[in-house]
Amino acid sequence: MNQGWIYREQVDGANAGLTILAYFTHRYRHSSQTVWQSRIICGEILLDDQQTTADTLLKPGQWLSYHRPPWEEPVVPLTFEVLYQDADVWVVAKPAGLPVLPGGGFLEHTLLWQLQQQYPQETPVPIHRLGRGTSGLLLLARSPLARVALSEQMRHRQICKTYRALVKTCDLPLKDTFTITQPIGKIPHPVLGYVYGAVPDGRFAQSDCQVLKRRPETTLLAVTIRTGRPHQIRIHLAAAGCPLVADPLYEIGGLPRCQPKGAEKLPVPGDCGYYLHAFQLDFIHPRTHQPLSILCPAPVVLDESESVV
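Since the model is a prediction, treat every value here as computed from it, not as a measurement.

**Q** I keep staring at helix α5 (residues 232–239) and nothing clicks. Help me out?
**A** An α-helix turns once per 3.6 residues; consequently, residues spaced three or four apart project the same way. Counting buried residues along α5, 7 of its 8 residues qualify, which places the element largely inside the surrounding structure. Among the residues of α5, Gln-232, Ile-233, Arg-234, Ile-235, His-236, Leu-237 and Ala-238 are the ones counted as buried. Phi for Gly-241, located one or two positions after α5, is positive at around 95°.

Printed below as a string of structure tokens:
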């Protein structure tokens, strides 16, 4: 069991006039109206740090807090390897299955929480994210200088990230090199409110792909992303007709599966099983201004020297 958590948020003008029950029911659909009502009655939800009722009307500027009781988190791999470190920068190899940041059912079973426990005085800050099911290189800042400089490099697309991706072999053979520029944006989701997917009016995204190994059922790709949209590689490859092998969420076309099949649980972005690995990271050191290139060996299934999967 973890220690529980307090989620705080401020009421904006768009939600003013809603009851507290309506606010949480419509905003956080992972729980039913009955469950949210029970939480309010039990005193787990406070309004401006005071107990409240389900039918209380909200006003702009008020603060809501949900005091989530301790819960048992899913088991995940908690160890990670540090591949590069100095006074400003860390690069770690994240295992597949370990979330980077708290969210959903994860709080202490995250990379950030583990770092906070090991380095409480100067916790390294992730500069970018990796999906829970994605393994490989993650860049972190250890100093204020590094945080500012690396964040600026991210904004100006000066950090280059190359991945290994295992996809289902397409009916139409892929070119040896190709670029995907499918826009990515929000799509309604019955549980989460929204998820990201391939939409015509989304934000620009670019993924440059190279075929490394062709097999009868699968194809191994190197994918360099020029933008950092959420779940970009998963969405782009699915939109190109070759989704990641065992991706539980994104289907051909780049849209998320929002209807359960039979009795199975509706998939969400944090579900694992797909084959994606952050293989190479190139950036400019924030203090020395020298280029750095870090490699993280790929799992066997994503190694281009392997002939079978």
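Picking up where we left off.
**Q** Just checking my understanding: could you explain the pairing of strand β6 (residues 89–94) for this structure?
**A** Looking along a regular strand, one sees the side chains alternate between the two faces of the sheet. With 6 of 6 residues buried, β6 is to be regarded as a mostly interior element. One ladder, built from 4 bridges, connects strand β5 (residues 81–85) with β6; its direction is antiparallel. Bridging from a neighbouring strand, Glu-81 pairs with Ala-93 of β6. What sits between β5 and β6 in their antiparallel hairpin is a turn of 3 residues. One ladder, built from 6 bridges, connects β6 with strand β8 (residues 135–141); its direction is antiparallel. The partner of Val-89 across the bridge, within β8, is Ala-141.

**Q** How should I be thinking about the UniProt feature "domain: Pseudouridine synthase RsuA/RluA-like" (unreviewed entry) in the chain in this particular structure?
**A** Taking the UniProt record as the reference, the feature "domain: Pseudouridine synthase RsuA/RluA-like" (unreviewed entry) is found at residues 88–239. From the first C-alpha to the last, residues 88–239 spans 38 Å; its make-up is 18% helix and 37% strand.

**Q** Whenever I open this one, the packing of aromatic side chains confuses me. Can you help?
**A** Aromatic rings in a pair are described by how distant their centres are and how their planes are angled relative to each other. For the coordinates displayed, the defined rule picks out 8 aromatic pairs. Measuring from centroid to centroid gives 5.4 Å for Trp-36 and Tyr-66, while their planes differ by 75°, and the two rings are edge-to-face. With Trp-36 in helix α2 (residues 33–41) and Tyr-66 in strand β4 (residues 63–68), this pair connects stretches of sequence that are 30 residues apart. The pair formed by Trp-36 and Tyr-66 is uniform in burial state, with each residue classed as buried. Summarising the aromatic geometry, the rings of Trp-90 and Tyr-119 are spaced 5.0 Å apart at their centres and angled 85° between planes, so their arrangement reads as edge-to-face. With Trp-90 in strand β6 and Tyr-119 in the loop between α3 (111–118) and β7 (125–126), the pair connects residues that are 29 residues apart, well separated along the chain. Three or more aromatic residues link up through ring pairs in this structure, and these residues are Tyr-7, Tyr-23, Phe-24, Tyr-28, Trp-36 and Tyr-66. In this structure, Arg-142 packs its charged tip against the face of Tyr-119, placed 6.0 Å from the ring centre.

**Q** For this particular structure, what's the right way to read helix α4 (residues 144–155)?
**A** Between its terminal C-alpha atoms α4 stretches 17 Å, which fits the 16 Å expected from 12 residues at 1.5 Å a residue. For α4, the set of buried residues is Ala-146, Leu-150 and Gln-153. Viewed along the axis of α4, the buried residues span an arc of 50°, placing them on a single side of the element. What points out from α4, more than 90 degrees from its buried face, is the exposed set Pro-144, Val-148 and Arg-155. Buried positions along α4 lie against β6, β8 and β17 (276–284). Where α4 terminates, the next one or two residues include Arg-157, which has phi positive at roughly 55°.

Criteria and cut-off values
- Residues numbered from 1 in each chain as written.
- Predicted model: local features only at pLDDT ≥ 70, side-chain atom pairs only at ≥ 80, totals over all residues.
- Heavy atoms only, no water.
- Buried < 20%, exposed > 50% of the residue type's maximum accessible area, 1.4 Å probe, protein only.
- Helix = DSSP H or I, 4+ residues; strand = E, 2+ residues; numbered from the N terminus.
- Pairing = 2+ DSSP bridges.
- UniProt positions renumbered as here; feature names shortened; annotations may be inferred.
- Phe/Tyr/Trp six-rings, centres within 6.5 Å; stacked < 30°, edge-to-face > 60°.
- Lys NZ or Arg CZ within 6 Å of the ring centre and 35° of its normal.
- Expected span 1.5 Å × (residues − 1).
- Arc of directions from axis to C-beta.
- Contact = heavy atoms within 4.5 Å.

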